[in-house]
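Each chain, letter by letter, is given below.
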Amino acid sequence: MRWWLPDAGSTFAGPIDTLFLAILIITGIALVIVEVGLVTFVIRYRARPGRKAFYTHGSTRAEVIWTAIPAVTMVALGLISNHYWVLMKDKKSIPPNAYHLGVHAKQFEWQVTYPGPDDKLGTADDFTVRNQLHVIVNQPTAVELSSEDVIHSFFVPEWRVKQDAVPGMHITAWFQATKTGEFEIGCAELCGMGHYKMRGRVFVHTPDEYKAWIAQQAAGGTE
Amino acid sequence: MTSVAHAKPAGGAHDAHAPMSFWRKYIFSTDHKIIGIQFLFVSLFFLLVGGLLAMQIRWQLGFPGKPLPGGGILPESMVSGGVILPEYYIQLVTMHGTFMVFFAIMPLLVGVYANFLIPLKIGTHDMAFPRINMWSFWLALLAGAIMLAGFFVPDGAPRAGWTMYAPLSARPDLSGATISQKLWSISIVVLGLSSVMGSVNYITTIINHRAPGMHWFRMPLSVWALFITAILAVLALPVLQGAAIMLLFDQTLGTHFFDPGAGGQPLLWQHLFWFFGHPEVYILILPAMGMVSDIIANGSRKPIFGYHSMVFAIIGIAFLGWIVWGHHMFMSGMNPTLGSTFMVSTLLIAVPSAIKVFNWMGTMWRGNLRFHVPMLNAIGFVSMFTIGGLSGIFMAATPVDIPLHDTQFIVAHLHYVLFGGSLFALFAAIPYWYPKMFGRMMSERIGKLHFFLTFIFYNMTFFPMHIIGMGGQMRRIYDPTIYDFLKPQQPLNVFISYSAFALFAVQFLFAFNFLWSLKFGKKAPQNPWEDNGMEWSLPNPAPHGNWDRTPNVYRGPYEFSAPEAGDKDYLPQYVKLPTDRDPVPAPLPAGGH
């Protein structure tokens with residue numbers, strides 16, 4: 001049983017998980033104030049014979065306090081979040097040395113196009129594998145997402161990566177895996193009756209392993 | 001009108017309202033109260049339908065591959081050997097959302113309570129346009145019937161989620177549903193008509209038909225909330241209608257608004273849908289907030305803490321509600337810079353929401369709390385809405401939204417707002433105004449049992465969804481157990497399903513209480529909650545036409561425990577104290593009642 005986000009598998013997981021924790025603490029404090037306050041009031045101010053409610057229409061000072069504190073907190077949270085948002089999603093943040101792969105989504109599979117031995121997409125040695133995403137550990141990777149039919153969403157929980165693949169659009173999502181091993185791709189956007197089984201497998205290799213795999217695939221071999 | 005204003009204007013059959021046939025009185029009625037009650041029965045029926053669909057969803061998620069109990073009665077196109085099929089599963093999630101949002105919660109809050117409460121609370125005889133009002137009900141019923149028909153056509157119900165994302169919704173070859181996808185679009189167009197007709201009516205009535213002395217800032221917060229909601233609805237629903245018409249054209253006439261292959265743009269649907277859809281979220285919560293405010297002041301025997309800031313918070317939420325739609329599209333491929341602006345506007349909604357929560361607490365602070373069933377549910381509303389509001393901050397912060405978007409975390413969040421918020425408010429409002437509707441009280445004992453059990457099972461159902469969402473379980477998937485990363489948390493899915501079944505079962509207490517009390521409930525005294533609202537100057541149930549003569553209003557709606565009240569702890573808006581002067585009546589527009 002897991003009670004937290006999945007184990008971190010990319011460079012994005014650090015800041016996202018820290019922000020998650022920070023929001024959990026902020027909202028946790030607010031929640032405790034409200035719920036403890038409610039329970040206290042329910043017990044303390046319950047109707048009893050002879051009691052009378054305190055007649056008041058409010059307090060400007062209290063209003064200012066509980067308007068200003070959330071406002072300042074939210075603006076600060078927005079500024080911090082935006083820094084990481086730009087880093088993760090802005091096109092300009094994609095590292096120039098990123099290794100590019102094509103991911104084409106269709107009902108109900110992921111078609112991954114690899115650049116082949118020349119490391120360039122769009123050349124003759126490219127090859128496509130269904131439902132298998134092989135990447136190199138610690139190497140910035142950019143997936144160029146497209147869709148054949150409906151909207152799908154490319155989601156690898158361990159990497160904290162999610163990006164819709166929209167027909168008619170070319171969207172690039174980038175990440176840098178930090179852990180070797182096997183993971184899964186899920187589709188996060190309802191894409192039809194097979195939505196649930198649109199499952200791909202992710203393999204994070206060391207550079208040498210990856211090279212070997214590419215060579216083997218380019219030679220027409222199967223895994 | 002300026003003559004003797006008595007402490008309790010007597011209600012009674014209005015001269016102009018001669019006895020009517022059963023059909024005119026209860027079926028094709030133009031009486032706002034009967035229309036409200038018609039909406040109540042119809043939307044409670046759809047609430048039950050939505051609940052039944054939810055139970056099937058929970059069966060599948062808790063016990064994938066096991067035959068659905070009683071599934072044998074379903075046709076082969078939905079189940080195979082009793083096991084829910086994937087194509088039926090997505091019909092279930094689509095129609096659960098559609099029915100709950102459009103045909104249960106929205107009409108329960110707006111159709112029922114805007115109709116029933118507005119004229120009673122502002123002291124007028126009926127709506128400005130009673131006939132349009134009647135049409136608004138019958139169109140809503142027609143829309144519901146069209147939507148329900150989706151289950152009975154070949155290929156079954158719509159399959160693209162209640163958000164109907166194109167191109168899946170536009171292309172039958174991709175969704176597998178042909179007729180019902182069109183029925184969805186048609187139903188939404190009809191429902192939009194109904195909603196706009198109702199809203200125009202509410203807005204006009206509130207602006208023009210307030211009783212003398214009912215200044216804007218003497219209106220109860222329920223009326224303020226319903227007023228702002230009506231403005232949201234009249235501006236938002238036509239956008240959805242427009243989008244639904246475009247979708248219908250794509251589905252039937254061969255246009256390609258949303259089909260990229262022919263130059264369309266799938267994101268256009270999302271922008272249009274959410275430009276409606278986010279204000280819709282506030283249409284579903286503002287009336288709940290308004291009614292809860294009335295009930296908390298009553299239960300606390302204290303004026304609302306910060307009445308003016310409560311009004312401005314309603315307006316603030318409604319205004320911000322127009323500029324946050326993009327937060328539903330953070331992962332959609334929309335320009336990330338737009339995401340930044342939508343993040344800021346979304347986070348700012350926390351401010352008016354916090355004002356509301358703290359002012360409800362301020363109202364209870366040093367009060368003299370009476371725990372009648374409406375008050376219990378109103379406190380439940382505050383505590384649960386707080387969780388729903390706070391969990392929204394996680395998704396508003398865009399980087400954190402990346403792992404959470406389109407997972408069960410969102411499902412948890414939206415149910416904390418829609419069930420913990422809107423439905424708890426309805427469990428407060430229904431017994432509170434029940435005597436005004438039917439002249440009888442609902443049972444307090446069953447009501448309390450229902451509240452406590454619902455509160456427990458509700459949290460057991462929806463809280464763990466946050467955790468499986470953090471674990472990554474995507475929304476609307478038929479079988480989570482095929483994923484290695486989701487398998488370990490399957491026991492929690494089983495737990496949620498059992499809790500959901502219990503939650504559903506407990507609702508029969510409410511249904512029983514509601515139906516049984518119609519005939520056998522205790523006869524209601526005139527002002528059972530010792531409240532200040534104008535509606536309690538009338539007998540229960542209130543007669544057609546409400547007041548014989550337009551009543552006067554002498555003060556704000558929340559004068560509980562006011563020093564002038566003497567030995568009582570409430571001072572109704574309609575009571576004239578020796579020190580009160582009669583208000584100068586505002587001239588009614590020509591043709592007014």
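First, a word on what this report is: a plain description of the structure on this page.

On to the sheet that holds strand 5 (residues 140-147) of chain A, then. All names here are of chain A. Spatially, 3-2-1-5-8 is the arrangement adopted by the 5 strands of the open sheet, whose pairing is mixed. Each of the sheet's edge strands pairs with one partner strand only, and the pair in question is strand 3 (127-130) and strand 8 (171-176). The average undirected angle you get between the axes of adjacent strands in this sheet is 25 degrees. As judged from the 7 bridges shared by strand 1 (residues 99-106) and strand 5, these two strands associate in the parallel manner. The residue of strand 5 that forms the bridge with H104 is S146.

Time to look at the pattern of salt bridges. Applying the stated criterion across every chain yields a total of 17 salt bridges over all chains. B:E530 is the salt-bridge partner of B:R370, the closest N and O atoms lying 2.9 Å from each other. One end of the pair, B:R370, is in the loop between helix 12 (350-364) and helix 13 (373-396); the other, B:E530, is in the segment after helix 17 (490-520), and 160 residues separate them in sequence. Using a relative accessible area of 25% as the deciding quantity, one classes B:R370 as partly exposed. B:D569 is paired through a salt bridge with B:R370; the nearest N and O atoms lie 3.2 Å apart. Residue B:D569 is located in the segment after helix 17, and its partner B:R370 is located in the loop between helix 12 and helix 13; the two are separated by 199 residues in the primary sequence. By relative accessible area, B:D569 is classed as buried at 15%. Overlapping salt bridges, with partners in common, bring together A:E184, A:R199, B:D484 and B:K487 in one network.

Another point: the pairing of strand 9 (residues 181-187) of chain A. Put simply, side chains in a regular strand alternate between the two faces of the sheet. Residue and element names in this part refer to chain A. The element strand 9 is largely enclosed, with a buried count of 5 among its 7 residues. Of the strand pairs in this sheet, strand 6 (residues 152-156) and strand 9 are connected by 2 bridges, and their pairing is antiparallel. In the strand pairing of strand 9, F154 is matched with C187. Relative to strand 10 (residues 200-205), strand 9 runs antiparallel, the two sharing 5 bridges. Counterpart to I185 in the pairing with strand 10 is G200.

Rules and cut-offs
- Residues numbered from 1 in each chain as written.
- Chains lettered and ligands numbered in written order.
- Predicted model: local features only at pLDDT ≥ 70, side-chain atom pairs only at ≥ 80, totals over all residues.
- Heavy atoms only, no water.
- Pairing = 2+ DSSP bridges.
- Helix = DSSP H or I, 4+ residues; strand = E, 2+ residues; numbered from the N terminus.
- Axes fitted to C-alpha atoms, helices over the stretch in contact; angles between N-to-C directions.
- Salt bridge = Lys/Arg side-chain N within 4 Å of Asp/Glu carboxyl O.
- Buried < 20%, exposed > 50% of the residue type's maximum accessible area, 1.4 Å probe, protein only.

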